[in-house]
Every structure is written in structure tokens, then in C-alpha cells.
Amino acid sequence: LVELPSMAIVHHIPFEHHVANIVAETHVAAFTPDGKRLMILNNDLVRVWEIPSFTELSTYDWELKGVMSLTISPDGYKAAIGAKNGSIVVWDIDT
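On a predicted model such as this, the values are computed, not experimentally measured, just so you know. (Residues numbered from 1 in each chain as written. Predicted model: local features only at pLDDT ≥ 70, side-chain atom pairs only at ≥ 80, totals over all residues. Heavy atoms only, no water.)

**Quick look at the pattern of salt bridges**
Following the criterion strictly, the structure yields 2 salt bridges and no others. For E56, the salt bridge is made with R47, and the minimal N-O distance between the two is 3.3 Å. Relative accessible area serves as the criterion here: at 17%, R47 is assigned to the buried category. Between K78 and D92 there is a salt bridge; the shortest N-O distance is 2.4 Å. One end of the pair, K78, is in strand β8 (residues 78–83); the other, D92, is in strand β9 (residues 88–92), with 14 residues separating them in the sequence. (Salt bridge = Lys/Arg side-chain N within 4 Å of Asp/Glu carboxyl O. Buried < 20%, exposed > 50% of the residue type's maximum accessible area, 1.4 Å probe, protein only. Helix = DSSP H or I, 4+ residues; strand = E, 2+ residues; numbered from the N terminus.)

Okay, structure coming up:
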């Protein structure tokens, strides 16, 4: 992971091959405010990973096509996605 705009490396995650493929296809990523989880948007699915072990904790699928955005609330308890068709889904993050 790098810090912008300097591009300085701030955290290195040693990916296994299958994890590297998922991350390579990721369009959007967001950390929870405590930095303990990373949510990635991959092929219209949201995957939640524990950091730093990079263990997959859960996957969310609402059967929406064209999901373009992902955000996490400042308190870290809710997340939301938005799709090209205008659909928005907000949910409680599993803790």
C-alpha cells in the first residue's frame, strides 16, 4: 500500500497467488477507520479482509450489476455501494 501523492510504501502485504489475482481485479478499496479491515469491490462483490493477516472475513453480494463505488462510514459500522443504475445499498458491517 502506498501513500499518495508521494507514492511512499506504507504497508506491504505478502499476497498468496489467489489473493493477488483478486486484488489485481479490484476497482475500489476502502479501509475501516481503525485500519483493521480492508473492503474491496471486485466483480460487483464486496470482500472484507482482515489486516495485516489478509484473511478473508466475508463477502457481500446484492446481485447488482455495474457496482461502481464503495464507502465506509466514519464510525466504521456501516458501508454503502452504488451502481450505475442508481441503486444504493447501505448495510451494517459485521464486527
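**Notes on the side chain of S58**
Looking at the element boundaries, S58 is found in strand β6 (residues 55–60). The exposure class of S58 is buried, given its relative accessible area of 17%.

**Quick notes on the sheet that holds strand β4 (residues 37–42)**
Think of a sheet as strands paired side by side through backbone hydrogen bonds, with each pair either parallel or antiparallel. Judged by pairing direction, the sheet is antiparallel, and its 4 strands sit side by side in the order β3-β4-β5-β6 without closing on themselves. The outermost strands of the open sheet, each flanked by one partner alone, are β3 (28–31) and β6. In this sheet, adjacent strand axes meet at a mean angle of 20° when their direction is disregarded. Pairing of strand β5 (residues 45–50) with β6, which is carried by 5 bridges, proceeds in the antiparallel orientation. Bridge pairing in β6 places E50 opposite T55. (Pairing = 2+ DSSP bridges. Axes fitted to C-alpha atoms, helices over the stretch in contact; angles between N-to-C directions.)

**As for the packing of aromatic side chains**
As enumerated under the stated definition, the model contains 4 aromatic pairs in all. Ring centres of W49 and F54 lie 4.7 Å apart, and the angle between their planes is 15°; on these two criteria the pair is classed as stacked. Between Y60 and W91, the ring centres sit 5.1 Å apart and the planes meet at 45°, which makes this aromatic pair tilted. On the criterion of sequence distance, the pair formed by Y60 in strand β6 and W91 in strand β9 is long-range, its members being 31 residues apart. An aromatic cluster is built from Y60, W62 and W91, whose rings are joined through pairwise contacts. (Phe/Tyr/Trp six-rings, centres within 6.5 Å; stacked < 30°, edge-to-face > 60°.)

**Points about unusual backbone geometry**
At N43, a position not held by glycine, the phi torsion is positive, near 55°. Position of N43 relative to the elements: it lies in the loop between β4 and β5. Positive phi, normally seen in glycine, also occurs at E63, with a value near 60°. With respect to the secondary-structure elements, E63 resides in the loop between β6 and β7 (67–72). Since its relative accessible area comes to 68%, E63 is described here as exposed.

**Comments concerning the sheet that holds β8**
The sheet built from 3 strands is open, its strands ordered β7-β8-β9 with antiparallel pairing. The outermost strands of the open sheet, each flanked by one partner alone, are β7 and β9. Across the sheet, the axes of successive neighbouring strands diverge by a mean angle of 15°, strand direction being ignored. Relative to β9, β8 runs antiparallel, the two being bridged by 5 bridges. Paired with K78 across the two strands is D92, which belongs to β9.

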